[in-house]
Amino acid sequence: MRVFLKLSILLASYLLVAAGEDTRDEENSWQTGMACTTCACQQRSAHFDKESFCMFSYFPSRAYKMLWFSTPTNFVVYIRNIESNTHGNYYMTICDELKCQYLSSTEDQVFLFTATKKVIMYIDMSTSFEVQYYVGCDVLDQTDVVVGREAGSLFPQPGYCWIVIPRLYNKATTQHTAATNIFLSHVNVPENSRLSLKNVLTGELLLDFKNYTNFDVTSLDKSESAITYQTNKYISSMFLFTVVKCPPDACTDISFQLKVQALSHDDSECFRRKQACVYGLPEEYDEEQVSCGDEDEEETCDAFEKFEEEISFSGPQPLADGSRNNKSRRSRCKWHYRNKEKKYFCRKDKNNKTKFSPDCSKCE
């Protein structure tokens, strides 16, 4: 009862909302949007820490912050770098209009709240953390993700964004996804507009669109550590595809086709080995792991074949004879990645710095 009383009182605080301060959208920063420095936030994406919370009790030391939107929609809240001195007791309560979650674990957390106008966080001020949130995104937590947007159609959610949790099995408590291939085709970007694809958990900017693009592809590796999701599940891959900016009269002109290929651990290993042979990158593996002989003698890999099928269907067309297998290693790789193969193969480490591994080179 006390919680819902506080919710009612705090709802009036949306009048205090002011525009947050702009922050530079760093290429590999976990922060997206603006820094919300007030008690209540109504930006569609923003970040903050405990210093921007508003005190409502000094004994004990308690504070609150509200995320608010004018119509019911989805809220995705990512809480990270948690340091708590509450010795296993609850240090945060996070509520929507119907229920509350109580946090005692210091593991990074992701929460999804659906069909609500507000999310309120109550904290013990002895705890420190960072928060990134997104409002109004369509959330696809499922297998076989396909998103097609036609020019002139309505957006499914008010935030002009899509958050995807790629899965091998629906409703599983563990994600099981070791890597993900993401295909974007027929991306129409109006003048003075921008779309981006970003790894939510690491902040890595995967793709950036400022004009029409016929086809592009990128990959998303799972995080080194799984993140707690909805208190009792775990995820290690999540990405955001969003309209960063567009003139109000041109937003509906945006169109694209997005497809997702989730790979298991075995699929990912098979895929990498096949790439090593097909693209001439066998130095990535020991000779005992990879045998690159005649193509007919190489191991079959359903994941790689599906990848090539998607490239053929959605992407740039192969040579006039229609044969993929007759391509040289170099031309086949450049055909797949549209001369952006260096960006694709140069992996990032956990600090988002370029890792000059043996495969960090253009196709042979």
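In what follows, the structure referred to is the one given above.
What comes next is a walk through the structure.

Rules and cut-offs
Residues numbered from 1 in each chain as written. Predicted model: local features only at pLDDT ≥ 70, side-chain atom pairs only at ≥ 80, totals over all residues. Heavy atoms only, no water. Axes fitted to C-alpha atoms, helices over the stretch in contact; angles between N-to-C directions. Helix = DSSP H or I, 4+ residues; strand = E, 2+ residues; numbered from the N terminus. Parallel < 35°, antiparallel > 145°, perpendicular 65-115°, else oblique. Contact = heavy atoms within 4.5 Å. Nonpolar A, V, L, I, M, F, W, Y, C, P; charged D, E, K, R; others polar. Pairing = 2+ DSSP bridges. 1 Å grid on protein atoms, 1.4 Å probe; cavity = no way out; pocket = protein on both sides within 12 Å on 5 of 7 lines; lining within 4 Å. Points joined across faces, edges and corners; volume = space filled by probe spheres on them. Disulfide = S-S within 2.5 Å. Buried < 20%, exposed > 50% of the residue type's maximum accessible area, 1.4 Å probe, protein only. Expected span 1.5 Å × (residues − 1). Salt bridge = Lys/Arg side-chain N within 4 Å of Asp/Glu carboxyl O.

**Re the packing of helix α2 (residues 265-278) against helix α3 (residues 302-314)**
(1) Moving on: In contact at an axis separation of 7 Å, α2 and α3 are set at 65 degrees when each is read in the N-to-C sense. For the element pair α2 / α3, the angle class is roughly perpendicular. For the pair α2 and α3, the contacting residues are Asp267, Phe271, Lys274, Gln275 and Val278 in the first and Ala303, Phe304 and Phe307 in the second.
(2) Moving on: A class-by-class count of the residues in the contact of α2 with α3 yields five nonpolar, one polar and two charged.

**Notes on the environment of alanine 40**
(1) Moving on: Relative to the elements of secondary structure, alanine 40 occurs in strand β2 (residues 40-41).
(2) Moving on: Distance from alanine 40 to tyrosine 64, taken between C-alpha atoms, is 9.0 Å for residues 24 residues apart in sequence.

**Quick look at the sheet that holds strand β12 (residues 161-166)**
(1) Moving on: Strands sit in the order β10-β12-β19-β14-β15 across an open sheet of five strands; the sheet is mixed. Each edge of the open sheet carries a strand with a single partner, namely β10 (137-142) and β15 (205-209). The average angle at which neighbouring strand axes cross in this sheet is 15 degrees, direction not considered.
(2) Moving on: By the bridge criterion, six bridges tie β10 to β12 in an arrangement that is parallel. Its bridge partner lying in β12, glutamine 142 is registered against proline 166.

**Here we look at empty space enclosed by the protein**
(1) Moving on: This structure, assessed with the given rule, holds one cavity of 30 Å³ or more.
(2) Moving on: Here the largest cavity defines a volume of roughly 60 Å³.
(3) Moving on: What lines the largest cavity is a set of eleven residues, among which Ala179, Asn181, Leu263, Phe271 and Arg272 lie closest to the centre.
(4) Moving on: Taken together, the elements giving at least two residues each to the lining of the largest cavity come down to β13 (179-188), β16 (213-221) and α2.
(5) Moving on: Its residues assigned to classes, the lining of the largest cavity shows four nonpolar, four polar and three charged.

**Remarks on the state of the cysteines**
(1) Moving on: Following the criterion strictly, the structure yields six disulfides and no others.
(2) Moving on: Cysteine 95 shares a disulfide with cysteine 100; S-S distance 2.1 Å. Taking the sign of the S-S torsion, about 105 degrees here, the bridge from cysteine 95 to cysteine 100 comes out right-handed.
(3) Moving on: Disulfide partner of cysteine 137: cysteine 161, at an S-S distance of 2.0 Å. Taking the sign of the S-S torsion, -100 degrees for the link of cysteine 137 and cysteine 161, the bridge is left-handed. Here cysteine 137 is found in strand β10, whereas its partner cysteine 161 is found in strand β12, with 24 residues between them in sequence.
(4) Moving on: In this structure cysteine 137 comes out as buried when scored by relative accessible area, which is 1%.

**A closer look at α2**
(1) Moving on: Taking 1.5 Å of rise per residue, 14 residues should cover 20 Å, and α2 covers 20 Å from first to last C-alpha, within 8% of that figure.
(2) Moving on: Of the positions making up α2, those classed as buried are Ser268, Cys270, Phe271, Arg272, Lys274, Gln275, Ala276, Cys277 and Val278.

**Regarding the sheet that holds strand β11 (residues 146-149)**
Note on sheets: strands pair through backbone hydrogen bonds, and any given pair is parallel or antiparallel.
(1) Moving on: Across the sheet, which stays open at both edges, the four strands sit in the order β11-β20-β13-β16 with antiparallel pairing between neighbours. Both outer strands of the open sheet, β11 and β16, are each paired with one neighbouring strand and no more. This sheet shows a mean twist of 10 degrees between the axes of neighbouring strands, independent of strand direction.
(2) Moving on: One ladder, built from four bridges, connects β11 with strand β20 (residues 255-263); its direction is antiparallel. Considered in β20, the bridge of valine 146 is made with lysine 259.
(3) Moving on: Its contacts with the sheet place α2 against β13, β16 and β20, and it is angled at close to 105 degrees to β20.

**A few points about the pattern of salt bridges**
(1) Moving on: Going through the model one piece at a time under the given rule, you end up with seven salt bridges.
(2) Moving on: Across the pair arginine 194 and aspartate 208 runs a salt bridge whose closest N-O atoms are separated by 2.8 Å. Taken together, the residues arginine 194 in strand β14 (residues 194-199) and aspartate 208 in strand β15 connect sequence positions 14 residues apart.
(3) Moving on: A relative accessible area of 31% places aspartate 208 in the partly exposed class.

**Some details on the pairing of strand β19 (residues 239-245)**
(1) Moving on: Most of β19 sits out of view: five of its seven residues are buried.
(2) Moving on: Across four bridges, the pairing between β12 and β19 is antiparallel. Looking across to β19, one finds that valine 164 is bridged to phenylalanine 239.
(3) Moving on: Sheet topology places β14 next to β19; six bridges connect them, and they run antiparallel.

**Let's talk about the pairing of β16**
(1) Moving on: Counting buried positions along β16 yields seven of nine residues, so the element is predominantly enclosed.
(2) Moving on: Alignment of β13 against β16, held across eight bridges, turns out to be antiparallel. Counted as the bridge partner of asparagine 181 is serine 219 from β16.

Any functional reading would require information beyond the geometric quantities listed.
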